[in-house]
Amino acid sequence: MLVHVFRGPGRVFGVTADKAGANLPERFAPWTYLKSAELDRERAMPGIDSRECCDDLAEYGFHITDAHVRITDQLT
């Protein structure tokens, strides 16, 4: 799956399938685009737990971390 990685304030990062990042939480705006990458549940992605990310994308439509700690479930 092609995903897009964005940076928020501090060490907050967001991952989404939305190239514009329009579905990322406003709470951490402005979001700055960093890169696009192929995400695979079974393949590591630096700084991102691929399994947690895939689960969050399926459930919430985005994956958010703060200092590499998942906080997605705290935002809903």
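Definitions and cut-offs
- Residues numbered from 1 in each chain as written.
- Predicted model: local features only at pLDDT ≥ 70, side-chain atom pairs only at ≥ 80, totals over all residues.
- Heavy atoms only, no water.
- Helix = DSSP H or I, 4+ residues; strand = E, 2+ residues; numbered from the N terminus.
- Buried < 20%, exposed > 50% of the residue type's maximum accessible area, 1.4 Å probe, protein only.
- Areas by Shrake-Rupley, 256 points an atom, 1.4 Å probe, with all protein chains shown as cover.
- Lys, Arg positive; Asp, Glu negative; His and termini not counted.
- Charge placed at Lys NZ, Arg CZ, Asp CG, Glu CD.
- Contact = heavy atoms within 4.5 Å.
- Polar contact = N/O pair within 3.5 Å; in protein donor to acceptor, adjacent residues only side chain to side chain.
- Pairing = 2+ DSSP bridges.
- Axes fitted to C-alpha atoms, helices over the stretch in contact; angles between N-to-C directions.

1. Topic: the overall build of the protein chain
- From N to C terminus, the protein chain includes one helix and five strands.
- Shown N-terminal to C-terminal, the secondary structure of the protein chain runs as helices and strands in the order β-β-β-α-β-β.
- Considering only C-alpha atoms, the protein chain reaches an extent of 30 × 25 × 20 Å along its principal axes.
- Put simply, the protein chain has 76 residues, and 38% of those count as buried.
- Of the accessible surface of the protein chain, which amounts to about 4,500 Å², a share of 51% is contributed by carbon and sulfur atoms.
- Charge separation in the protein chain, taken as the distance between the mean sites of 9 positive and 12 negative side-chain charges, equals 6 Å.

2. A word on the side chain of T65
- Here T65 lies in strand β4 (residues 62-66).
- For T65, the residues in contact, after removing those within four places along its chain, are R11, V12, F13, R70 and I71.

3. Observations concerning the side chain of H63
- Positionally, H63 belongs in strand β4.
- A relative accessible area of 2% means that H63 is categorised as buried.
- Here D56 takes part through its side chain, which lies 2.7 Å from a polar atom of the side chain of H63.
- With near-sequence residues (within four places) excluded, H63 lies in contact with F13, G14, V15, I48, E52, C53, D56, L57, R70 and T72.

4. A look at the sheet that holds β4
- One open sheet accounts for five strands, arranged β3-β1-β2-β4-β5; its pairing is antiparallel. Whereas interior strands pair on both sides, the edge strands pair on one side only; in this sheet they are β3 (32-38) and β5 (69-70).
- This element, helix α1 (residues 50-59), spans β1 (2-7), β2 (12-16), β4 and β5 of the sheet and lies at about 130° to β4.

5. Details of the environment of N23
- On the secondary structure map, N23 appears in the loop between β2 and β3.
- When residues no more than four places from it in sequence are discounted, the contact partners of N23 are T16, D18, G61 and F62.

6. A look at the environment of E38
- Inspection of the secondary structure assignment puts E38 in strand β3.
- C-alpha of E38 to C-alpha of I64: the two residues are 26 residues apart in sequence and 17 Å apart in space.
- When near neighbours in sequence (up to four residues on either side) are disregarded, E38 contacts M1, L2 and R43.
- One polar contact links the side chain of E38 to the main-chain amide nitrogen of M1, over a distance of 3.2 Å.

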